[in-house]
Structure formats: C-alpha cells, structure tokens
Amino acid sequence: NNNNNTVVVGEEPPTPIPPVAECPEAEEIEACFEEFLTEDQFSTLVAALESGITVEINGEEITLRSFADICLVLESATTYDEIISTLFTIFREVIPGAILPNELTDCIAEALDIPIPPIET
C-alpha cells in the first residue's frame with residue numbers, strides 16, 4: 001500500500017451568480033398605478049403582468065411580469081419625457097386608447113427622483 005500524498009487539484013467551485021437587482025421603488029410605483037388608474041385599468045394591468053407584457057423599449061423587446069420589472073425599466077429613464085414614453089408603450093399594449101394620467105407620471109417621477117418639469121403658462 002503506497003500513499004505518496006499527491007494532492008489532486010480539482011476544478012474550482014463555480015462563482016455564485018449574484019441575485020438580479022431589485023428595484024427598491026417597485027412598491028411605490030405599484031402604489032402610483034393603483035392610485036391613479038381606475039379600478040378596471042389597474043385590474044387589467046395586473047392581469048396582463050401575470051401573463052407577461054411584451055413591449056419594445058429603446059429597440060429592445062422586454063417582457064414585463066411584475067411591477068418590479070416595470071420599475072427596472074423605468075429606473076433607466078433619466079428624464080420625465082423618457083418616463084412618459086415608457087408608460088405610453090406599456091399603455092398601448094395593455095389599455096389601448098386609455099389616457100395616461102399626468103398624476104401617474106408625476107408620482108412615478110417622484111418615486112424615481114426624476115425632476116418634474118415646470119408647467120409652462
């Protein structure tokens with residue numbers, strides 16, 4: 001019985017994949033939708049998210065399945081106009097013909113700390 005204590009170096013364990021970043025404002029954004037959409041519109045949006053809403057944003061096809069997904073998409077917005085554009089894209093898919101409430105856009109902009117432009121008179 002011969003044991004020369006040869007150490008076999010195996011493969012290193014895989015590096016753990018970091019969890020996908022959550023959007024900390026997701027609950028605030030959901031509350032904005034709930035507050036400023038009609039009950040029917042909000043229910044329609046929630047049902048659509050459960051099925052998955054596929055939209056094209058900035059040339060990329062994205063499937064939204066939760067308010068956290070909407071939050072992550074909106075988080076990339078740097079201006080008020082980008083928020084409006086993203087919300088219009090979602091509305092077109094989910095609630096065609098619905099009017100996007102200014103209060104909803106303002107609420108989301110505030111949640112994401114994006115300046116709201118002054119109203120021109």
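Further up the page is the structure itself.
Fair warning: this is a prediction, and the values are worked out from it, not measured in the lab. (Residues numbered from 1 in each chain as written. Predicted model: local features only at pLDDT ≥ 70, side-chain atom pairs only at ≥ 80, totals over all residues. Heavy atoms only, no water.)

Caption draft 1: View of the environment of Ala 68. Its location among the elements puts Ala 68 in helix α3 (residues 67-75). Once the C-alpha coordinates of Ala 68 and Glu 27 are considered, the two residues, 41 residues apart in sequence, prove to be 7.8 Å apart. Apart from the residues lying within four places of it in its own chain, the contact partners of Ala 68 are Glu 22, Cys 23 and Ala 26. (Helix = DSSP H or I, 4+ residues; strand = E, 2+ residues; numbered from the N terminus. Contact = heavy atoms within 4.5 Å.)

Caption draft 2: Quick look at the nonpolar core. Counting residues in each nonpolar core, the largest one holds 36 residues, and the members touching the most others are Ile 29, Phe 33, Leu 45, Ile 70 and Ile 108. Ignoring anything within four residues of it in the chain, the contact list for Ile 108 reads Ile 29, Cys 32, Phe 33, Leu 74, Ile 83 and Leu 87. (Core = buried A, V, L, I, M, F, W, Y, C linked by side-chain atoms within 4.5 Å. Buried < 20%, exposed > 50% of the residue type's maximum accessible area, 1.4 Å probe, protein only.)

Caption draft 3: Fine view of the packing of aromatic side chains. Evaluation of the coordinates by the stated rule reveals two aromatic pairs. Relative to Phe 67, the ring of Phe 33 lies with its centre 5.7 Å away and its plane at 50 degrees, an arrangement referred to as tilted. With Phe 33 in helix α1 (residues 26-36) and Phe 67 in helix α3, the pair connects residues that are 34 residues apart, well separated along the chain. Grouping residues by exposure puts Phe 33 and Phe 67 together as buried. Here the aromatic rings of Phe 42 and Phe 67 are separated by 5.8 Å at their centres, their planes lie at 15 degrees, and the arrangement is stacked. Here Phe 42, found in helix α2 (residues 39-51), pairs with Phe 67, found in helix α3; they are 25 residues apart in sequence, far enough to count as distant. Residues Phe 42 and Phe 67 agree in their burial class; the two are buried. (Phe/Tyr/Trp six-rings, centres within 6.5 Å; stacked < 30°, edge-to-face > 60°.)

Any functional reading would require information beyond the geometric quantities listed.
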